[in-house]
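Architecture at a glance
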Amino acid sequence: MSDASTGASTGRPDPSVPTPAQPDREPTTPAPAQPDPGLVAPTPAPHDRGLAAPTPAPHDRPAAPSPAPRDRGAVVDALVALADDAEARPLLVALDFDGTLAPLQDDPSLSRVLPEGVEPLRRIAEADDVALALVSGRALHDLHALAEVPVGTYLIGSHGAERARVTRHGLDRDVVRLTDEQADRLAALGAQASAIARGRDGIWVETKPTAVVLHTRLAERADAAAAHEQALALGAELGSGVLSGKDVVEISVLHASKGEALSALRDELGARVVVYAGDDVTDEHAFEALGEHDVTVKVGPGDTAARLRVADPHEMTRALAALADALPG
């Protein structure tokens, strides 16, 4: 859905102390560098298209994934350049919530936009010819309650299955209607997912309007792995779509993806340029849907289709503040 750096001693040897002689050794070839385990992306669910590099047009076939370089300065430069570019209007700034604007929490109900991010989001939403959107896996009512975003913000929930716009009087939402067959399947998914969680500490089930989600963040590793595999099997049996994210498996009775929902919103608004930032494997669908003139930002580690990267929500928030400062008043 970040630890600050700490100083350390240099560990330099004292030049006054002689270095012991080393025995002669045969020259050896240095071992190839091993990949950083922190940069291994989560395994996508069977129905995911996989991670892919960005393409000039959204309909082109994606290339292989590659690790985007971490450089907050490059992200700031790209956003400030958009603020000064009249040709980049209308501009759509779309952001994931958990792990992007809000640090990940063991208790998802405690997630909030970082305090220093509230004001930049308000100014972005109020700028001329700029639209703000949050694109999340959370259910829409949950996203609205926790994010506390400004009036006018578009909310896309349940990985694209739900959509609304924030007004002064609440949410102006698109109604999601299930067929009788889909409603029955959703009920069956809920019952069987609950059976998977039963008796396993730290595992719980969330029911959304179109999906059931198995959460494993607080479970012991063995229990989490077993429940994860069982949830994937359940999704293959009863679900229309399965999304495997960070410590969650979501099984939906409707086909939806962040990429399709983002593309639909872009077309509706006529946005010439889109900014999208996200941290999870489900955000890769949004990155893949965008083109070479858009700005895509991966938050945190992992192979990605995004071209830019920041370390954590704090860096992302500072980049958004730079955008808000650069937008015409």
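Residues numbered from 1 in each chain as written. Predicted model: local features only at pLDDT ≥ 70, side-chain atom pairs only at ≥ 80, totals over all residues. Heavy atoms only, no water.

1. What about the packing of helix 4 (residues 180-197) against helix 5 (residues 221-238)?
For clarity, the threshold we go by: An axis is simply a line fitted to the C-alpha atoms; with a helix, the fit covers only the stretch in contact. Between two such axes, the angle follows the N-to-C directions and lies from 0 to 180 degrees. Counting from the N terminus, the helices are the DSSP runs of H or I reaching at least four residues and the strands are the DSSP runs of E reaching at least two. Each angle gets one of four labels, with under 35 degrees taken as roughly parallel, over 145 as roughly antiparallel, 65 to 115 as roughly perpendicular, and the rest as oblique. Crossing handedness is defined as follows: a turn of the near helix away from the far one that is anticlockwise and smaller than a right angle gives a left-handed crossing, while the clockwise case is right-handed. We call two residues contacting when some pair of their heavy atoms lies within 4.5 Å. Any residue outside Ala, Val, Leu, Ile, Met, Phe, Trp, Tyr, Cys, Pro, Asp, Glu, Lys and Arg is labelled polar, Gly included; the first ten of those are nonpolar and the last four are charged.
Between helix 4 and helix 5, the shortest axis-to-axis distance is 10 Å and the interhelical angle comes to 160°. As summarised for this structure, helix 4 and helix 5 are arranged roughly antiparallel, according to the angle between their axes. In the crossing of helix 4 with helix 5, the sense of the turn from one axis to the other is right-handed. Two secondary-structure elements touch here, helix 4 through Arg185, Ala188, Leu189, Gln192, Ala193 and Ile196 and helix 5 through Ala227, Gln230, Ala231, Leu234, Glu237 and Leu238. Split by residue class, the contact of helix 4 with helix 5 holds eight nonpolar, two polar and two charged.

2. Comments concerning the pattern of salt bridges
Heads up, the condition is: Definition used for salt bridges: Asp or Glu carboxyl oxygen within 4 Å of a side-chain nitrogen of Lys or Arg.
According to the stated counting rule, one finds 16 salt bridges in the structure shown. Ionic pairing is found between Glu126 and Arg122, a salt bridge with its closest N-O pair at 2.6 Å. Linking Glu126 with Arg122, this pair stays in helix 2 (residues 115-126), spanning four residues, or about one helical turn. Glu268 serves as the salt-bridge partner of Arg163, at 2.7 Å between the closest nitrogen and oxygen.

3. Things to note about the nonpolar core
Quick reminder of the rule: We call a set of buried residues a nonpolar core when its members are Ala, Val, Leu, Ile, Met, Phe, Trp, Tyr or Cys and they connect through side-chain atoms within 4.5 Å of each other. Type-normalised accessible area, obtained with a 1.4 Å probe on protein chains alone, sets the label of each residue: buried when under 20%, exposed when over 50%, and partly exposed for intermediate values.
One finds Val93, Leu95, Phe97, Ile124, Leu134, Val297 and Leu320 to be the most contacted residues of the largest nonpolar core, which totals 43 residues. Take this core: its biggest share by element is six residues, from helix 8 (residues 313-326). Apart from the residues lying within four places of it in its own chain, the contact partners of Phe97 are Ala102, Ser111, Arg112, Val113, Leu134, Val135, Ser136, Arg138, Leu143, Leu146 and Ala147. Judged by nonpolar contacts, the second largest core, of 19 residues, contains Leu189, Ala197, Ile203 and Leu232.

4. Things to note about the packing of aromatic side chains
Test applied: Two rings belonging to Phe, Tyr or Trp (six-membered ring only in the last case) form a pair when the distance between their centres is within 6.5 Å. Interplanar angles under 30 degrees mark stacking, angles over 60 mark edge-to-face geometry, and anything in between is tilted.
Evaluation of the coordinates by the stated rule reveals one aromatic pair. On the numbers, 5.6 Å between centres and 75° between planes, the contact of Tyr276 with Phe287 is edge-to-face. Of this pair, Tyr276 sits in strand 10 (residues 273-278) while Phe287 sits in helix 7 (residues 284-289), placing them eleven residues apart in sequence. Judged on exposure class, the residue Tyr276 and its partner Phe287 are both buried.

5. A few points about the sheet that holds strand 11 (residues 295-299)
Using the following cut-off: Any two strands with at least two DSSP-identified bridges between them are counted as paired.
What the eight strands build is an open sheet, ordered 5-4-3-2-1-10-11-12; its pairing is mixed. The sheet is open, and its two edges are formed by strand 5 (170-173) and strand 12 (308-310), each paired on a single side. The mean inter-strand angle of the sheet, taken between neighbouring strand axes irrespective of direction, is 25°. Both strand 1 (residues 91-95) and strand 10 contribute to a ladder of five bridges, which runs parallel. When the sheet's bridge partners are listed, Leu95 is paired in strand 10 with Ala277. Contacts from helix 3 (residues 140-147) reach strand 2 (130-135), strand 3 (154-157), strand 4 (162-167) and strand 5 within the one sheet, and its direction differs from that of strand 3 by about 135°.

6. Quick word on the packing of helix 1 (residues 72-83) against helix 8
Two elements in contact, helix 1 and helix 8, have axes whose closest approach is 8 Å; the angle formed by their N-to-C orientations is 25°. Compared by their axis directions, helix 1 and helix 8 come out roughly parallel. The handedness of the crossing between helix 1 and helix 8 comes out as right-handed. Residues Arg72, Val75, Val76, Leu79, Val80 and Ala83 of helix 1 pack against Glu315, Arg318, Ala319, Leu320, Ala322, Leu323 and Ala326 of helix 8. Across the contact of helix 1 with helix 8, the residue classes break down as ten nonpolar, no polar and three charged.

7. Concerning the confidence of the model for the chain
One rule of thumb: low pLDDT means the predicted coordinates there are not for detailed reading. Here is the rule we go by: A score between 0 and 100, pLDDT records how confident the predictor is in each residue.
Of the residues in the chain, 79% reach a pLDDT of 70 or more, and the chain-wide mean stands at 83. Segment residues 1-64: pLDDT under 50, and 70 contacts once partners within four positions in sequence are set aside and those in other chains are kept.

8. Some details on the environment of Asp303
Note that Asp303 resides in the loop between strand 11 and strand 12. Classification of Asp303 as partly exposed rests on a relative accessible area of 26%. Taking the C-alpha atoms as reference, Asp303 lies 9.7 Å from Glu284; in sequence the two are 19 residues apart.

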